[in-house]
Every structure is written in C-alpha cells, then in structure tokens.
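Now for the letters of each chain:
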Amino acid sequence: FSKPKGTGAQLEGGGEGETMAEDGLITCYKGGLVLKGGSLVQKDIWVRAGRVVEPQELFFRDRRAPSFYFDCSNHIVAPGFIDVQINGGFGVDFSKLRPGGVAEGVASVARGLLEHGVTAFCPTIITSGADYYASILPEMRVSEGGSHGAAVLGVHVEGPFISREKKGAHPEQFIQSLLSPGAVVRTYGCLDNVRVVTLAPELEGAQHTIRWLSRKKGVVVSLGHSMADLTTAEHAVNSGASLITHLFNAMLPFHHRDPGIVGLLTSQSVGDAPVYYSLIVDGNHTHETVQRIAHKAHPEGLEFGSLPVKTCVVLVTDAMAGMGVRSGDVRGGQEESRFSLGEGGRVEVSGGAVRLAGTSTLAGSVATMDECVRHFRRATACTEAVALEAASLHPARVLGLEDSRGQLEKGARADIVVLDRDLNVQGTFIAGHPVWSLPGSRMHREQQRFSNLHT
C-alpha cells in the first residue's frame, strides 16, 4: 500500500534527507528481539550510512564487519515510533505559535519526543483562521530528524472543514461548511508542508475535494469530526480517503441500523484499499472494551487486494501542550492544571484527562506514544509486535513512507527504539545515531561508550 506521489509534504531535498552517520561506519544492534514481519525474532541489525544493510552482503562481498556493537540482549529492537496526530507538548501548542517562533516551538517538541521513542511526527493544527494558516504553515517545514529531535513529516491540519455538531474542542467561529479545492487553497494557502487533512465527508463538495487532495496533491485525507453515515463514509474512501481520525471520538456513535464511520472497519464496499483508523489509547478517549472491539474486527488480518494487513490501527497521542510538562502534577494526574488550546479556550488537566474548562468535552491528551503502546498492549492482549507496529509500520503506511520508515528491512532508515520487555523506552536512535537513552540503563552506558569512541 503506497500513497500517491503528489505535491504534498516531502522531506527537504526531495528525498529522505541526509543521514547522520559516517558513510564508512558500520554499527550492529546485537542480541535483541527485532520487530520483523509482525513478530519479534532474534536477529542482529547492521547499519551503515544511516540505513539498514544486509549483513551477509557486507561481510562476504565487501569483507566488512561492524566497528561497534550495541548490546541489545534481553531488549526489543523496533522501528522508531511515528505520531501522525499531536497538537503539541512540553508547553508548546502548535495552534498558538507566533510567526517567527514556529521553528523554535516545533523543535522543542521534536526534542522532547525522543525520550518516548518517537523519531518522526506530524505537527497538528486544529481549526484556525485563514490568517493563522497563512502565517504558520510556510514556517512549519518538513525536516529530517537527528540529535536535535524527531523528524517533521508534514503538518496534519485537523479542520476547519468539519461538522459543527461534532466540533469537540475546536473553535466554532472558524469552522467552514462548504468544501472545494478553491476553499482549501484559500484557507490553507500553499500545501507544500501539509501531509494530512482531517475533514467531514458529508460537507457539500467533500467527495470532489477528497479526490483532488488525495490523487492530485498527494495529501492523506482522514475522516473525522463528522456526522457522516456509513454510505457517505464509504463514498469518501472510494474517493481517496484512507484514514479515520480518532475512531469513536467526534463522530456518530455506532448504531445497529447505520454504524456510521465506525462501520468502515468491516465494510465490504470500499474496494481494495485498506482503511486505517487512529486510536487515542490514553485511558480516557476510548474504553478498553471498545479498543478490543476495534482490534478484534481484524484479529488475524484481512486481504486488501494482494496486501495482507494484520490490523488497521494507528496509535496516536492527540497530545496537547500539557504532555511532557513536568512541573505541577500534569503527568501524575493528581491535581488540576490549566493550559490553552488554540483559539478554543482554556483546558483543564485532571486525573490524566484533558477537558475544555468547565465542561466534559475532551480536548486532546497528555499521553505519550510509549504510554499508548503499553496501554494498547494491556487492553487488547495483543502481542508486543502488534502494539509496536501500530505505532510504527502502520502510520508509515498511511503516509506512504513504508519503504523507508516503520520497519527495519534492508534499505530502510535506521530510526530505532530499544525497549525492555515491558515496552519501556531504553534508547532512541535516528539514522543509526544515538539521540537519547534512559539514564542509568544499559543503553545509556552503550551510547556513552559509542560517543567516547566516535567523537
């Protein structure tokens, strides 16, 4: 499954960016359980020039061997996590940045995400005014990751073409109900840095716009904040939509006579294209039973054309500015903390839940991606491999980047997260280069040893 090539967000230089590693340096992640083909297998990973290489070819053809071995025994070696919906974090709100301060704000979040195994992400802007998009989107540039932080894969614009009835925490004054390619351009301006657009498919002009965005502009179209029935949602998928934004939230509830957008999980009217759905598994947005229902809709995998897809789930944090803020009690969920969310007003964080102040409306989360992976694993009783792929391979496929990200196959980028058997992040690597490690851990000692030898 691959997204169409268009004029949507692309990494600078027209490709996957420059690697961090020295061309001649070969490193090996040795003795770990490697996520490969939907399973964890005992395997060594060799890396050269920031890419995964085939050990046999390098050893027997080029007579080369690694110059450094990272001891990964009793650890899991997985592709770096990719978060396709994150509103901010570490005190930064992507919907409240000031012109001239965008790069600094994005960089702050990119840096903080490394601790949680995230090596790439899509900064997400909720419903805003056209002036804000015009001033911010050109500065929110696609960029490669490194020691400075995770890669920026393009912006996820969530709104303003959504349903007023399902607006959630989005500011109503900016919501638009008429959708067309012209309206998209007038609202967002240039789409060069846009990777994902969330919209409501029942809006007038939506189907034509979905075809234009997905087929002509190479933008991923996601369905969300919507009152759409199943038939409308099926038409949207057949027009080019490939993702559902935070399944179960901000859409019609499942009904036995018309399941709405949720019915796409088992629809037989959407052709060969897999329909991915994002889930916020922070303990607040979706009940564990609901997570199990969604997951078990594809327990053994379905055939979409010639491609077997084991599950369609994409884990997202939907995190807001309070994520990762260590002052107060935001992370511990003890006392109440307050933040703002775009132009939608103040939000309160209490008990780990984020709500619009004075209401019961959820407004993002403060969950981190590694927390979501662990929570999904516990809630669904799925394997570690399934949970990890939901945060790596599946988002890579949605974005059309599965050849270079989301898996540790030959030629893929060596963006790696090393975890213990309880799925706690021990170390993060981008293009094979150490960028974060848990203080006091074995990976911390290994990364220090590497730095001592190669700096």
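Source: prediction; values computed, not measured. (Residues numbered from 1 in each chain as written. Predicted model: local features only at pLDDT ≥ 70, side-chain atom pairs only at ≥ 80, totals over all residues. Heavy atoms only, no water.)

Participant: Please explain the overall build of the protein as it appears in this structure.
Facilitator: When you go through the protein residue by residue, the secondary structure sums to eleven helices and 27 strands. When the 455 residues of the protein are sorted by exposure, 59% land in the buried category. Accessible area for the protein stands at about 17400 Å²; split by element, carbon and sulfur atoms hold 49% of it. (Helix = DSSP H or I, 4+ residues; strand = E, 2+ residues; numbered from the N terminus. Buried < 20%, exposed > 50% of the residue type's maximum accessible area, 1.4 Å probe, protein only. Areas by Shrake-Rupley, 256 points an atom, 1.4 Å probe, with all protein chains shown as cover.)

Participant: I would appreciate a short explanation of the nonpolar core in the present structure.
Facilitator: Taken as a class, soluble globular proteins show a tendency for nonpolar side chains to be buried jointly. The biggest cluster of nonpolar side chains holds 105 residues, and the ones touching the most others in it are Phe121, Leu223 and Leu264. Once residues lying within four places of it in the same chain are set aside, the contact partners of Leu223 are Leu199, Pro201, Ile210, Ala233, Ala236, Val237, Ala241, Leu243, Ile244, Thr245, Ile261 and Leu264. (Core = buried A, V, L, I, M, F, W, Y, C linked by side-chain atoms within 4.5 Å. Contact = heavy atoms within 4.5 Å.)

Participant: I tried to follow the confidence of the model for the protein on my own but got confused; where do I start?
Facilitator: Caution applies to low-pLDDT parts of the model: their predicted coordinates are not meant to be read in detail. Per-residue confidence for the protein averages 87 on the pLDDT scale, and 85% of its residues sit at or above 70. Here residues 1–6 is a poorly scored stretch, pLDDT under 50, and it has 21 contacts once near neighbours within four places are set aside; other chains count. Under a pLDDT of 50 for its full length, residues 12–19 has, in the predicted model, 15 contacts with residues more than four places off or in other chains. (pLDDT = per-residue confidence, 0-100.)

Participant: Explanation requested: the side chain of Glu158 in the structure shown.
Facilitator: Note that Glu158 resides in strand S13 (residues 155–158). As a buried residue without a salt bridge, Glu158 has its nearest oppositely charged side chain in Lys167, at a separation of 13 Å. Only 3.2 Å separates the side chain of Glu158 from the side chain of Gln85, close enough to count as a polar contact. At 2.8 Å, the side chain of Glu158 forms a polar contact with the side chain of His225. In contact with Glu158, other than residues within four places in its own chain, are Gln85, Asn87, Thr124, Ile125, Ile126, Thr127, His170, Thr198, His225, Thr245 and His246. (Lys, Arg positive; Asp, Glu negative; His and termini not counted. Salt bridge = Lys/Arg side-chain N within 4 Å of Asp/Glu carboxyl O. Polar contact = N/O pair within 3.5 Å; in protein donor to acceptor, adjacent residues only side chain to side chain.)

Participant: In this structure, what is going on with the sheet that holds strand S26 (residues 425–430)? I would like to understand it.
Facilitator: Reading across the sheet, the six strands line up as S3-S2-S7-S25-S26-S27 and stay open at both edges, with mixed pairing between neighbours. The strands lining the two open edges of the sheet, one partner per strand, are strand S3 (39–42) and strand S27 (433–437). Taken pair by pair, the neighbouring strands of this sheet meet at an average axis angle of 30 degrees, ignoring direction. As judged from the four bridges shared by strand S2 (residues 33–36) and S3, these two strands associate in the antiparallel manner. Residue Val34 lies in a different strand from S3, and its bridge partner there is Val41. The sheet strands contacting helix H11 (residues 442–454) are strand S25 (416–419), S26 and S27, and the helix crosses S27 at an angle near 140 degrees. (Pairing = 2+ DSSP bridges. Axes fitted to C-alpha atoms, helices over the stretch in contact; angles between N-to-C directions.)

Participant: Please explain the packing of helix H7 (residues 288–296) against helix H8 (residues 369–380) as it appears in this structure.
Facilitator: Think of two packed helices as two axes; the pair is described by the angle between the axes and how far apart they sit. Viewed as axis vectors pointing N to C, H7 and H8 meet at an angle of 80 degrees, and their least axial separation amounts to 9 Å. On the basis of the axis angle, H7 is roughly perpendicular to H8. Contacts from Glu288, Gln291, Arg292 and His295 of H7 reach H8 at His375, Phe376, Ala379 and Thr380. When the residues that make up the contact of H7 with H8 are grouped by side-chain class, the tally is two nonpolar, four polar and two charged. (Parallel < 35°, antiparallel > 145°, perpendicular 65-115°, else oblique. Nonpolar A, V, L, I, M, F, W, Y, C, P; charged D, E, K, R; others polar.)

Participant: Mind showing me how you'd approach the packing of aromatic side chains here?
Facilitator: Working definition: an aromatic ring pair is given by the centre-to-centre distance plus the angle between the planes. Inspection of the entire model under this criterion finds nine aromatic pairs. On the numbers, 5.0 Å between centres and 90 degrees between planes, the contact of Tyr29 with Phe429 is edge-to-face. Residue Tyr29 is located in strand S1 (residues 26–30), and its partner Phe429 is located in strand S26; the two are separated by 400 residues in the primary sequence. A relative accessible area of 0% means that Tyr29 is categorised as buried. The exposure class of Phe429 is buried, given its relative accessible area of 0%. (Phe/Tyr/Trp six-rings, centres within 6.5 Å; stacked < 30°, edge-to-face > 60°.)

Participant: Just checking my understanding: could you explain the pairing of strand S15 (residues 220–223) for this structure?
Facilitator: On any regular strand, side chains alternate: one points to one face of the sheet, the next to the other face. Along S15, one buried face is formed by Val220 and Ser222 and the opposite face, lined by Val221 and Leu223, is buried too. Direction of pairing for strand S14 (residues 194–199) relative to S15: parallel, over a ladder of four bridges. Bridging from a neighbouring strand, Val197 pairs with Val221 of S15. In this region the chain leaves S14, passes through helix H5 (residues 206–216) and returns to the parallel neighbour S15; the handedness of that crossover is right-handed. For the handedness criterion, the β-α-β arrangement of S15, helix H6 (residues 230–239) and strand S16 (residues 243–244) is classed as right-handed. (Right-handed = clockwise from strand over helix to strand, strands pointing away.)

Participant: What am I meant to see in the environment of Asp272 here?
Facilitator: Among the structural elements, Asp272 can be located in the loop between S16 and strand S17 (276–280). It is 9.3 Å that separates the C-alpha atoms of Asp272 and Asn238, two residues lying 34 residues apart in sequence.

Participant: Help me understand the environment of Arg405 in this model?
Facilitator: Checked against the element boundaries, Arg405 lands in the loop between helix H10 (393–398) and S25. Residues Arg405 and Thr119, 286 residues apart in the sequence, show an inter-C-alpha distance of 9.7 Å.

Participant: Before we go on, may I ask you to explain H8 in this structure?
Facilitator: For an α-helix, 3.6 residues make a turn, and residues three or four places apart therefore share a direction. Between its terminal C-alpha atoms H8 stretches 16 Å, which fits the 16 Å expected from twelve residues at 1.5 Å a residue. Burial runs high along H8: nine of the twelve residues are buried. Those residues of H8 that fall on the buried side of the exposure criterion are Met369, Asp370, Cys372, Val373, Arg374, His375, Phe376, Ala379 and Thr380. Downstream of H8 by one or two residues, Ala381 has phi in the positive range, about 60 degrees. (Expected span 1.5 Å × (residues − 1).)

Participant: Teacher, can you tell me more about the pattern of salt bridges here?
Facilitator: Oppositely charged side chains may form a pair once their charged atoms are brought near each other. Scanning all chains against the criterion turns up twelve salt bridges. In this structure, the salt-bridge partner of Arg421 is Glu384, at a minimum N-O distance of 3.3 Å. Of this pair, Arg421 sits in the loop between S25 and S26 while Glu384 sits in helix H9 (residues 384–389), placing them 37 residues apart in sequence. Here Arg405 ties to Asp415 by a salt bridge, and the two come within 3.0 Å at their closest N and O atoms. Of this pair, Arg405 sits in the loop between H10 and S25 while Asp415 sits in the loop between H10 and S25, placing them ten residues apart in sequence. What makes Arg405 buried here is its relative accessible area of 4%. Each member of the salt-bridge network shares a partner with another, and the members are Glu144, Arg405, Arg413 and Asp415.

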